[in-house]
Amino acid sequence: PSVKPDNTVESNKIISPYFEEGLFAGVRVTADDEDFVIAPNDYRNGLCMTWTRAIGALSADNLTTWNCHQMSLVIYYYDEINKVLVNYGKDKLGELYWTCEESPFDEENAFSGNFGNSANYINEVYKRYYRYVRPIKILKNTIK
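Residues numbered from 1 in each chain as written. Predicted model: local features only at pLDDT ≥ 70, side-chain atom pairs only at ≥ 80, totals over all residues. Heavy atoms only, no water.

Participant: Tell me what's going on with the overall build of the protein chain, and back it up with residues and numbers.
Facilitator: The number of helices and strands found in the protein chain is 3 helices and 8 strands. Helices and strands appear in the protein chain in the N-to-C order β-β-β-α-β-α-α-β-β-β-β. For the protein chain, with 144 residues in total, the buried portion stands at 43%. As presented, the protein chain carries roughly 8,000 Å² of accessible surface, and 48% of it is formed by carbon and sulfur atoms. (Helix = DSSP H or I, 4+ residues; strand = E, 2+ residues; numbered from the N terminus. Buried < 20%, exposed > 50% of the residue type's maximum accessible area, 1.4 Å probe, protein only. Areas by Shrake-Rupley, 256 points an atom, 1.4 Å probe, with all protein chains shown as cover.)

Structural data, given as structure tokens:
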């Protein structure tokens, strides 16, 4: 497939297309000591899952998803990330996504990123709720 010229990002390259073997493989985010690639599509064709099922399935496939710090960067650069995804014919980020982090306060809860209606945020929700999952590839992670 031919690659379109990318006019979706500024020259600072915090958000940029990422390629493997010449093919678009996701959106790279390099900010705040993080360097990770957001997969071009939601996990398992956009299947909504409970947190426990999502984390178990990702682990079985040797994949991961964003932590809360990475999710905060996705929230901040949400529009720019979606522009790159759309430019390459991939799925925009939806509205509700699991992070890989459980609540330190309640073992029944985990953190979720919420996008929509200009109110993008991370909140703690019941693990049995259903959310989307988007794998990421960590290139560098220095945040503890």
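Participant: How would you explain the confidence of the model for the protein chain if you had to name every residue and give the values?
Facilitator: Considering every residue of the protein chain, the mean pLDDT works out to 90; 88% of them sit at 70 or more. Element-level pLDDT for the protein chain is lowest in strand β8 (residues 135–141), with a mean of 88, against a maximum mean of 98 in helix α1 (residues 51–60). (pLDDT = per-residue confidence, 0-100.)

Participant: Which residues make up the packing of aromatic side chains, and what values go with them?
Facilitator: The full count for this structure, using the stated rule, is 9 aromatic pairs. Between W66 and Y97, the aromatic rings sit 5.7 Å apart at their centres with planes inclined by 85°, giving edge-to-face as the arrangement. Pair noted here: W66 is in the loop between β4 (64–65) and α2 (68–76) and Y97 is in strand β5 (residues 96–102), with a separation of 31 residues, a long-range link. By way of ring pairs, the aromatic residues W66, Y78, Y97, F115 and Y132 are connected into one cluster. The lysine or arginine in question, R131, covers the ring of W98, its NZ or CZ lying 5.7 Å from the ring centre. (Phe/Tyr/Trp six-rings, centres within 6.5 Å; stacked < 30°, edge-to-face > 60°. Lys NZ or Arg CZ within 6 Å of the ring centre and 35° of its normal.)

Participant: Any details on the environment of D32? Residues and values, ideally.
Facilitator: Locating D32 in the fold gives a position in the loop between β2 (23–31) and β3 (34–38). D32 sits 37 residues away from H69 along the chain, and the two C-alpha atoms are 9.2 Å apart. Polar side-chain contacts of D32 include one of 2.7 Å to the side chain of H69. (Polar contact = N/O pair within 3.5 Å; in protein donor to acceptor, adjacent residues only side chain to side chain.)

Participant: If you had to explain the packing of α2 against helix α3 (residues 78–87) to someone new, which residues and values would you point to?
Facilitator: Packing of α2 against α3 brings their axes to within 4 Å, and their N-to-C directions diverge by 75°. As summarised for this structure, α2 and α3 are arranged roughly perpendicular, according to the angle between their axes. On the side of α2, the interface is formed by V74, I75 and Y76, while α3 contributes Y78, E80 and I81. Considering only residue class, the contact of α2 with α3 consists of 5 nonpolar, no polar and 1 charged. (Axes fitted to C-alpha atoms, helices over the stretch in contact; angles between N-to-C directions. Parallel < 35°, antiparallel > 145°, perpendicular 65-115°, else oblique. Contact = heavy atoms within 4.5 Å. Nonpolar A, V, L, I, M, F, W, Y, C, P; charged D, E, K, R; others polar.)

Participant: Describe the nonpolar core, naming the residues involved and giving the relevant values.
Facilitator: Judged by nonpolar contacts, the single largest core of 22 residues is most densely connected at I38, W66, V74, I81 and L93. Once you skip the residues sitting within four places of it in the chain, I38 turns out to touch A25, G26, V27, V29, W66, V74, I81, L93, R134, P135 and I136. Counting residues in each nonpolar core, the second largest holds 10 residues, with Y43, A57, W98 and A110 among its members. (Core = buried A, V, L, I, M, F, W, Y, C linked by side-chain atoms within 4.5 Å.)

Participant: Give me the environment of L63: which residues, what numbers.
Facilitator: Looking at where L63 falls in the secondary structure, it is placed in the loop between α1 and β4. Each C-alpha atom, one on L63 and one on K137, is 7.6 Å from the other, the two residues being 74 residues apart in sequence. Those residues in contact with L63, other than ones at most four positions away along the chain, are Y43, L58 and P135.

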